[in-house]
Structure formats: structure tokens, C-alpha cells
Amino acid sequence: MSQGYAIELYFDPALENQVLKAWNVLARRQISTQLIEIESRPHITLYSSAYVEPTKLESVLRTFASKQEPLAMTFSTVGSPPGDNNVLFLSPTPSHSLLQFHSQLCDALKREGVEISEEYRPESWIPCCAVAQEVPKARMGEAFCLLRDLKLPVNGYAVDIGIRVCLLLKQDQFKGEALFFTVKQFHLFLSLVPVHVLSLKQNSPNFGSFMFFDVMPYSCLKV
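Residues numbered from 1 in each chain as written. Predicted model: local features only at pLDDT ≥ 70, side-chain atom pairs only at ≥ 80, totals over all residues. Heavy atoms only, no water.

1. Considerations on the packing of helix H1 (residues 13-28) against helix H5 (residues 140-148)
Note the following rule: Working convention: axes come from line fits to C-alpha atoms, limited for helices to the stretch in contact. Angles between N-to-C directions cover 0 to 180 degrees. Numbering of helices and strands runs from the N terminus; a helix is a DSSP stretch of H or I covering at least four residues, while a strand is a stretch of E covering at least two. An angle below 35 degrees is treated as roughly parallel, one above 145 as roughly antiparallel, one from 65 to 115 as roughly perpendicular, and anything else as oblique. Two helices cross in a left-handed way if the nearer one is turned anticlockwise from the farther one by less than a right angle. They cross in a right-handed way if the turn is clockwise. In this description, contact between two residues means that some pair of their heavy atoms is separated by no more than 4.5 Å. Note that Gly is not counted as nonpolar here; it falls among the polar residues with everything else outside the nonpolar set of Ala, Val, Leu, Ile, Met, Phe, Trp, Tyr, Cys and Pro and the charged set of Asp, Glu, Lys and Arg.
Put simply, H1 and H5 touch, their axes get as near as 10 Å, and they point 140 degrees apart. With respect to their mutual orientation, H1 and H5 come out oblique. Considering only the axes of H1 and H5, their crossing is right-handed. In this structure, H1 uses Ala22, Val25 and Leu26 to contact H5, whose residues at the interface are Ala143, Leu146 and Leu147. The class makeup of the residues in the contact of H1 with H5 is 6 nonpolar, no polar and no charged.

Here you go:
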């Protein structure tokens with residue numbers, strides 16, 4: 001099984017905690033626990049590919065992050081993409097600053113010769129943060145009601161950008177196309193490994209340099 005790479009946007013502790021509350025609520029009702037089981041971290045995927053050199057991504061992010069500031073973020077709606085995988089996500093308000101942030105990242109990647117697939121191009125990209133995967137079809141309505149009780153909107157900031165190594169789930173041996181398990185605009189990965197993270201905080205000692213973090217196990221989730 002080979003691997004690909006994703007660029008992801010992470011949130012400040014207060015906003016991240018709001019997303020983790022949603023994960024916990026659904027887990028306690030035994031509706032969905034997959035994101036907890038794979039030790040994920042709440043995020044928005046900015047880019048993903050099975051065909052990219054990680055050194056190029058690192059070079060782009062070092063330069064890109066040094067020019068950015070914390071990005072205001074408001075999760076305002078609950079959604080689910082078409083398909084049979086029954087994914088639920090929180091969708092941020094598509095503010096000018098968020099769309100510009102993503103567009104500038106894409107421009108920086110293209111200048112380094114990194115190809116961007118259609119779903120992550122600025123004109124097609126749909127920002128979202130997963131809160132549940134593989135929800136039983138009969139419980140989708142219940143899950144929506146529970147998420148509605150989160151009293152959206154919730155506000156905060158995106159403060160970190162990182163590269164995540166992702167396991168490749170399927171490969172078309174005839175066409176030579178590497179495919180991630182994908183639901184429309186949202187990529188779902190089976191496994192997480194420690195992530196290279198670049199801080200967007202100007203006053204952070206980690207600003208402009210890589211650091212590692214450990215993903216949070218379920219027993220330590222904040223409530």
C-alpha cells in the first residue's frame with residue numbers, strides 16, 4: 001500500500017474543541033466513532049495528491065506560512081455530500097479571506113510545478129471539516145439533529161497548516177491512477193501519522209519552522 005500527501009488547515013484550541021464536542025456527542029450515541037478511532041485531528045483539507053514530492057510541499061509551506069496571519073473562521077452550517085458513505089461535516093462561511101488564502105496557496109504550489117486536481121482548484125474547492133464518517137443511513141436524521149444542537153455558528157481561527165502522510169486505499173492497475181477513498185470534495189483517510197506543522201502565529205516560537213504534534217486519542221478528547 002503506497003501513500004500520498006495532504007495539506008491541511010488546523011484550528012485554535014477553542015474552535016478545535018467545538019469540533020471535538022461534535023465527535024464526542026456522536027460517539028456517545030454510537031452513531032460514528034471512526035474519526036476518533038483513526039486518531040484524526042479536526043481540519044480542513046486544502047490540497048491532496050498521490051503524485052507529489054513532499055520536499056516540494058515543504059518548500060512551498062515554509063515560504064507561504066511566513067507571509068500569513070491567523071485566519072478568522074466561522075463554522076455556520078452542517079452538511080453531507082452526495083454519495084453512499086454518509087459523511088457529515090461542518091462547513092465554514094466561505095469568507096473572502098479564506099478563499100483568498102486557498103487561492104494563494106494554489107498559486108504558490110503551481111509556481112513550483114505542483115499539479116492541482118480539479119476538486120482542489122479555487123473555482124471548485126468546497127471547504128469542510130468532517131465530524132462523522134460512515135453514519136448508518138437510518139441514523140442520519142438523528143445525527144443532523146444532534147449537530148444542530150451545537151448552536152452554530154461557532155467562531156475561531158485557523159492557526160496551523162500542515163502536511164499529512166496518507167495511506168493510499170485503492171489503485172487502478174489498468175489506468176495507473178491512484179485513488180483515495182473520496183466523497184466528492186472531501187478526502188477520507190484510513191490512517192494518520194505524525195504531521196509536519198507550520199504555525200501561522202506570528203508570535204509563536206515555531207513560526208516558519210516545522211514541528212511535530214501527537215494526535216489526540218479519544219480518552220483525552222476535551223469536552
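What follows picks up the thread again.
2. Some remarks on the environment of Ile31
As a reminder, the rule being used: Burial classes: relative accessible area under 20% of the type maximum marks a residue as buried, over 50% as exposed, and values in between as partly exposed (1.4 Å probe, protein chains only).
One can find Ile31 in the loop between H1 and helix H2 (34-37). Assessed through its relative accessible area of 4%, Ile31 is described here as buried. Here the alpha-carbon distance between Ile31 and Arg139, two residues 108 residues apart in the chain, equals 7.0 Å. Leaving out residues up to four positions away in the same chain, Ile31 has contacts with Leu26, Val135, Pro136, Arg139, Glu142, Ala143 and Leu146.

3. Focus on the packing of aromatic side chains
Going by this rule: Any two of the Phe, Tyr and Trp rings considered here, Trp counted by its six-membered ring, make a pair once their centres fall within 6.5 Å; the pair's planes then place it as stacked at under 30 degrees, edge-to-face at over 60, or tilted in between.
This structure, assessed with the given rule, holds 2 aromatic pairs. Ring geometry for Phe11 against Phe75: centres 5.3 Å apart, planes inclined by 85 degrees, an arrangement best described as edge-to-face. Linking Phe11 in strand S1 (residues 3-11) with Phe75 in strand S3 (residues 71-79), this pair joins segments that are 64 residues apart in sequence. Overall, Phe11 belongs to the buried group, its relative accessible area being 2%. Ring geometry for Phe64 versus Phe101: centroids 5.1 Å apart, planes at 75 degrees, classification edge-to-face. Residue Phe64 is located in helix H3 (residues 54-65), and its partner Phe101 is located in helix H4 (residues 96-111); the two are separated by 37 residues in the primary sequence.

4. Details of the packing of H3 against H4
In a packed pair of helices, the relevant descriptors are the angle between the two axes and the axis-to-axis distance. Where H3 meets H4, the axes come as close as 10 Å, and the angle between the chain directions of the two elements is 135 degrees. On the basis of the axis angle, H3 is oblique to H4. Both H3 and H4 take part in a crossing whose hand is right-handed. Between H3 and H4, the residues in contact are Leu57, Val60, Leu61 and Phe64 and Phe101, Gln104, Leu105, Ala108 and Leu109, respectively.

5. What to know about the side chain of His43
Basically, it comes down to this: Polar contact criterion, stated in full: a pair of N or O atoms within 3.5 Å, where within protein one must be able to donate a hydrogen and the other to accept it, and residues adjacent in sequence count only if both atoms are side-chain atoms.
Within the fold, His43 resides in the loop between H2 and strand S2 (44-49). Of the residues examined, His43 reaches a relative accessible area of 8% and is grouped as buried. One polar contact links His43 to Glu8, side chain to side chain, over a distance of 3.2 Å. Polar side-chain contacts of His43 include one of 2.6 Å to the backbone oxygen of Arg41. Not counting residues within four places of it along the chain, the set of residues in contact with His43 comprises Glu8, Leu9, Tyr10, Phe11, Cys128, Cys129 and Arg164.

By themselves these figures say nothing about function.
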